[in-house]
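Residue-level structural notes
Chain by chain, the residues run as shown.
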Amino acid sequence: MSALADLINLDLSDSTEQIIAEYIWIGGSGLDMRSKARTLPGPVKDPSELPKWNYDGSSTGQAPGDDSEVIIYPQAIFKDPFRRGNNILVMCDAYTPAGEPIPTNKRHAAAKIFSDPSVVAEETWYGIEQEYTLLQKDIKWPVGWPVGGFPGPQGPYYCGVGADKAFGRDIVDSHYKACLYAGINVSGTNGEVMPGQWEFQVGPTVGIAAADQVWVARYILERITELAGVVLSLDPKPIPGDWNGAGAHTNYSTKSMREDGGFEVIKKAIEKLGLRHKEHISAYGEGNERRLTGKHETADINTFLWGVANRGASIRVGRDTEKAGKGYFEDRRPASNMDPYTVTSMIAESTILWKP
Amino acid sequence: MAQILAASPTCQMRVTKPSSIASSKLWSSVMVKQKKQSRSTSFRVMALQSDNSTINRVESLLNLDTKPFTDRIIAEYIWIGGSGIDLRSKSRTLEKPVEDPSELPKWNYDGSSTGQAPGEDSEVILYPQAIFRDPFRGGNNILVICDTYTPAGEPIPTNKRAKAAEIFSNKKVNDEVPWFGIEQEYTLLQPNVNWPLGWPVGAYPGPQGPYYCGVGAEKSWGRDISDAHYKACLYAGINISGTNGEVMPGQWEFQVGPSVGIEAGDHVWCARYLLERITEQAGVVLTLDPKPIDGDWNGAGCHTNYSTKSMREEGGFEVIKKAILNLSLRHMEHISAYGEGNERRLTGKHETASIDQFSWGVANRGCSIRVGRDTEKKGKGYLEDRRPASNMDPYIVTSLLAETTLLWEPTLEAEALAAQKLSLNV
């Protein structure tokens, strides 16, 4: 066994200049992540130095068998916390051989929005709170829950400590360090209200990078749960009943919101979001209607409501933002399985580009 | 390989092959690896075993030293939740290492999830008060003990530190340099059955006698937790002065002190947090209940040793006796603040004094207040308040001791009567 460990952890930098690049893309469901590795002749600093590649789209539901090549374009580089050394992870998006983004490629349209001069000028910041649930392998019941039964009701688990209150901390803590190593802007973690559920936050990050980082953070998380023998779920309501769902609250601000008088800009932005509630909701994750019930710290899916420090609202504005007269707001509607490219670009579009 | 051992086979935590893991609960499969490492300063964390990987790579990520590639650190903010005894924490990234709590930003959390705020106005603000090194993450990462305030800046009802800090900054109290040595007892329970560690499920071990400071597989259960906790606290910078196995099997004690003033409370709370993180990793349940098992089994207390400058100097014994006199006149106030459920523990048996009677004595473990033989002999020293329960709030107990003995004065008649009753010539 130790021989295998020695090989996996082999530091190649003494024997070769070559590096391993793990190309990562999003598969046919829009939520499943895929990756494969290739050798490159030497270390790279920028995605532009990386070659385009391709994969078998007919095996991921993204292309027909008789014309199966899907081309992946490297978009962002991160250090590989599993292979270490100069090895890298590469976040990619997917195109037809003709150069058209395939339907599941949401990054392409988002990149367009983020390169619009009005959006660039506003320096859109995002802080994304990714919640997720850990499930026992094979039975798909949350980690730490008795099989065939339920734990005691919610109350002691939020930020809890102790073997009867926190299930899975090793995964959270190893993920935190792995993301810091990789160069992802992870700003914190906490245990969630439902036992076996956790959260990490990415941000504040500008523009399209926010979503790139969330996707790679999700990839690293799933690689770690794979190692730990535990199943990762991004389902927004994994257990029906009196158990919290999982969301991906998205905190957002623009340059104008962060400057003096920003609170008025925030209120105007929230108004515009209110007018486009249905469009946003339809893009905020599959199955969200099981989660946004008006209970368990959510607002009902058909209601648009905003408030200061109100966790039962669609949009929450923090007390310090109200007090300082400037800051940011939190869109609490996105589900844990949302696509951050879609959500971040849509918020920018609705608040900066769209005119009611 | 060291193991977290329990006598009962259902709690045997030795894992050797992947196939044996399938039958044991996922989160109770733990191995404490004691491989030698070139990085001698890293504190090895216990990581869970998985049944589909031959090498545990999660552990190498947990122990990753981030210093070579980033200045950023992780700060775990810790606070006390709505029950007054539940600890909560969450972490955040900071741009660079910090030395002092004043360099740390205030933060906030969802008070509606901890019973400390309503849902429509849920933010509770965290004020950083004390920093300790994080023994789980290593490097420059830190633990931060916080207390809790409304957005308007008022301490919320469960925040007992704010008032204690006021008392400790009173000039009279500050000048007397109050020292505290706190003996935290605790019981370890098997998960799911809530029966003490090492006890046969559905039955009892042999009566008390062999277990106090005992050694051996049939007498000492859970030493790995006590020992891991000891080193973790030393690493963190907590003023831990010792540990011992207790009279009831599965029960342990650690002592924090001597600490001055408000520090005592901060150190004890952080030590409790470390203990619960360690039991979490070990798959064992921590309880601070003052009488976990009814009947002829010791309860768990939090004896608080106390002295002031005057007590430690020549003639200190007289000051100690005056302090005991004051305490005797405020017995009910203290008792009501010394922990929930204490009446199940303070029965007059099992090395306690009865809850409604105040008594004191030299070397007498059946008293409310015990004075050590060396204190009596030297004529100066300290006193031990044996009344607080294991689930007491150290901020309350330490500040109340200071308040009653330094700031409060009884009427002359009351004082005279009490002196007679307790045969204290003061």
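Residues numbered from 1 in each chain as written. Chains lettered and ligands numbered in written order. Predicted model: local features only at pLDDT ≥ 70, side-chain atom pairs only at ≥ 80, totals over all residues. Heavy atoms only, no water.

Details of the nonpolar core
- Met 91, Tyr 132, Ile 184, Ile 220 and Phe 329 of chain A are the most contacted members of the largest nonpolar core, which totals 73 residues.
- It is helix α5 (residues 208-228) of chain A that contributes the most residues to this core, 13 residues altogether.
- Counting 67 residues, the second-largest nonpolar core is a separate cluster that includes Leu 87, Ile 182, Tyr 186 and Ile 324 of chain B. (Core = buried A, V, L, I, M, F, W, Y, C linked by side-chain atoms within 4.5 Å. Buried < 20%, exposed > 50% of the residue type's maximum accessible area, 1.4 Å probe, protein only. Helix = DSSP H or I, 4+ residues; strand = E, 2+ residues; numbered from the N terminus.)

A look at the UniProt feature "domain: GS beta-grasp" (unreviewed entry) in chain B
- Per the UniProt record, the feature "domain: GS beta-grasp" (unreviewed entry) sits at residues 73-153 of chain B.
- Between the C-alpha atoms that bound residues 73-153 of chain B there is a distance of 28 Å. The span itself is 0% helix and 48% strand. (UniProt positions renumbered as here; feature names shortened; annotations may be inferred.)

Regarding the interface of chain B and chain A
- With 54 residues of chain B at the interface, the matching set in chain A holds 58 residues.
- Our count for the contact surface shared by chain B and chain A stands at seven salt bridges.
- Note that Arg 311 of chain A and Asp 110 of chain B form a salt bridge whose closest N and O atoms lie 3.5 Å from each other.
- Connecting chain B to chain A are 26 residue pairs in polar contact (both at pLDDT 80 or more).
- A per-element tally of the side of chain B that touches chain A places strand β4 (residues 87-94) of chain B first, with seven residues.
- Of the residues contributing to the side of chain B that touches chain A, the split by class is 19 nonpolar, 20 polar and 15 charged.
- When strand β7 (residues 186-191) of chain A meets β4 of chain B, the two strands line up antiparallel, connected through three bridges. In the strand pairing of β4 of chain B, Asn 190 of chain A is matched with Lys 90 of chain B. (Contact = heavy atoms within 4.5 Å. Salt bridge = Lys/Arg side-chain N within 4 Å of Asp/Glu carboxyl O. Polar contact = N/O pair within 3.5 Å; in protein donor to acceptor, adjacent residues only side chain to side chain. Nonpolar A, V, L, I, M, F, W, Y, C, P; charged D, E, K, R; others polar. Pairing = 2+ DSSP bridges.)

What to know about empty space enclosed by the protein
- Taken as a whole and judged by the stated rule, the model has seven cavities of 30 Å³ or more.
- Size it by volume and the largest cavity reaches roughly 140 Å³.
- Lining the largest cavity we find 24 residues, and of these Gly 160, Arg 169, Asn 190, Gly 191 and Trp 198 of chain A sit closest to its centre.
- Where the lining of the largest cavity is concerned, the elements lending two or more residues are α4 (169-182), β7 and β8 (197-206) of chain A together with β4 of chain B.
- Across the lining of the largest cavity, the residue classes tally to eight nonpolar, eight polar and eight charged. (1 Å grid on protein atoms, 1.4 Å probe; cavity = no way out; pocket = protein on both sides within 12 Å on 5 of 7 lines; lining within 4 Å. Points joined across faces, edges and corners; volume = space filled by probe spheres on them.)

A few points about the environment of Arg 84 of chain A
- Note that Arg 84 of chain A resides in the loop between β4 (69-79) and β5 (88-95).
- Given a relative accessible area of 24%, Arg 84 of chain A falls into the partly exposed group.
- Sequence-wise, Arg 84 of chain A and Ala 313 of chain A are 229 residues apart; in three dimensions their C-alpha atoms are separated by 43 Å.
- When near neighbours in sequence (up to four residues on either side) are disregarded, Arg 84 of chain A contacts Tyr 181 of chain A together with Ser 60, Leu 61 and Leu 64 of chain B.
- Polar contacts involving the side chain of Arg 84 of chain A include one to the main-chain carbonyl oxygen of Pro 81 of chain A, which spans 2.7 Å.
- Side chain to side chain, Arg 84 of chain A and Ser 60 of chain B meet in a polar contact 3.3 Å long.

Remarks on helix α6 (residues 263-282) of chain B
Residue and element names in this part refer to chain B.
- The end-to-end C-alpha distance of α6 is 28 Å, a good match for the 28 Å that 20 residues give at a rise of 1.5 Å each.
- Most of α6 sits out of view: 19 of its 20 residues are buried.
- Once α6 ends, the next one or two residues include Gly 283, with phi positive near 75°. (Expected span 1.5 Å × (residues − 1).)

Some points on the pairing of β4 of chain B
All names here are of chain B.
- Counting buried residues along β4, eight of its eight residues qualify, which places the element largely inside the surrounding structure.
- Residues Leu 87, Ser 89, Ser 91 and Thr 93 of β4 are buried on one face, and the alternating residues Arg 88, Lys 90, Arg 92 and Leu 94, pointing to the opposite face, are buried as well.
- Bridge count between strand β3 (residues 73-80) and β4: eight bridges; the pairing is antiparallel. Bridge pairing in β4 links Ile 73 to Leu 94.
- Counting the residues in the hairpin turn of β3 and β4 gives six residues, including Gly 84, whose phi is positive at 85°.

Overview of the sheet that holds β5 of chain A
Residues and elements named next belong to chain A.
- Read from one edge of the open sheet, five strands run β2-β1-β5-β4-β3, paired in mixed fashion. Two strands in the sheet have a free side with no partner beyond their single neighbour: β2 (33-40) and β3 (53-56). This sheet shows a mean twist of 40° between the axes of neighbouring strands, independent of strand direction.
- Alignment of β3 against β4, held across four bridges, turns out to be antiparallel. (Axes fitted to C-alpha atoms, helices over the stretch in contact; angles between N-to-C directions.)

Description of the state of the cysteines
- Counting across every chain of the model gives zero disulfides over all chains.
- Not engaged in a disulfide, the cysteine Cys 92 of chain A finds its nearest cysteine sulfur in Cys 179 of chain A; these two sulfurs lie 18 Å apart.
- Judged by relative accessible area, which is 2%, Cys 92 of chain A ranks as buried.
- Cys 270 of chain B provides the cysteine sulfur closest to Cys 233 of chain B, a residue in no disulfide bond, and the two sulfurs are 7.2 Å apart.
- By relative accessible area, Cys 233 of chain B is classed as buried at 0%. (Disulfide = S-S within 2.5 Å.)

A closer look at the environment of Ala 121 of chain A
Residues and elements named next belong to chain A.
- On the secondary structure map, Ala 121 appears in helix α3 (residues 117-121).
- On the basis of relative accessibility, which here comes to 51%, the residue Ala 121 falls in the exposed class.
- Distance in space between the C-alpha atoms of Ala 121 and Thr 254 is 8.9 Å, their sequence separation being 133 residues.

Things to note about the packing of helix α8 (residues 316-329) of chain B against helix α13 (residues 412-421) of chain B
Residues and elements named next belong to chain B.
- Contact geometry of α8 with α13 gives a least axis separation of 10 Å together with a crossing angle of 105°. Judged by the inter-axis angle, α8 sits roughly perpendicular to α13. The residues of α13 that touch α8, namely those facing Lys 322, Leu 325, Ser 328 and Leu 329, are Ala 414, Glu 415, Ala 418 and Ala 419.
- Looking at the contact of α8 with α13, its residues break down into five nonpolar, one polar and two charged. (Parallel < 35°, antiparallel > 145°, perpendicular 65-115°, else oblique.)

Re the side chain of Glu 183 of chain B
Residues and elements named next belong to chain B.
- You can see Glu 183 is positioned in strand β8 (residues 179-189).
- Buried charge without a salt bridge: Glu 183, with Arg 370 as the nearest opposite-charge side chain at an N-O distance of 5.5 Å.
- Polar contacts involving the side chain of Glu 183 include one to the side chain of Asn 305, which spans 2.8 Å.
- The residues touching Glu 183, leaving out its near neighbours within four places in the chain, are Glu 253, Phe 254, Gln 255, Gly 301, Cys 302, His 303, Asn 305 and Glu 384. (Lys, Arg positive; Asp, Glu negative; His and termini not counted.)

Observations concerning the confidence of the model for chain B
Residues and elements named next belong to chain B.
- Of the residues in chain B, 86% reach a pLDDT of 70 or more, and the chain-wide mean stands at 87.
- Contacts from residues 1-54, a stretch scored under 50 in pLDDT, to residues over four places away or in other chains number 101 contacts.
- The ipTM value of the predicted complex is 0.82, and its pTM value is 0.85. (pLDDT = per-residue confidence, 0-100.)

Comments concerning the packing of aromatic side chains
- Across all of its chains, the model carries 25 aromatic pairs over all chains by this definition.
- For the ring pair Tyr 186 of chain B and Phe 254 of chain B, a centre distance of 6.0 Å and an interplane angle of 50° mean the geometry is tilted. Taken together, the positions of Tyr 186 of chain B in strand β8 and Phe 254 of chain B in strand β10 (residues 251-260) put the pair 68 residues apart, joining distant regions of the chain.
- Overall, the relative accessible area of 1% leaves Tyr 186 of chain B in the buried class.
- When its relative accessible area of 1% is taken as the criterion, Phe 254 of chain B is described as buried.
- By way of ring pairs, the aromatic residues Phe 114, Tyr 126, Tyr 252 and Phe 329 of chain A are connected into one cluster.
- One cation-aromatic arrangement involves Arg 84 of chain A over Tyr 181 of chain A; the distance from NZ or CZ to the ring centre is 6.0 Å.
- Its guanidinium or amino end placed over the ring of Trp 179 of chain B, Arg 312 of chain B lies 3.9 Å from that ring's centre, counting from NZ or CZ. (Phe/Tyr/Trp six-rings, centres within 6.5 Å; stacked < 30°, edge-to-face > 60°. Lys NZ or Arg CZ within 6 Å of the ring centre and 35° of its normal.)

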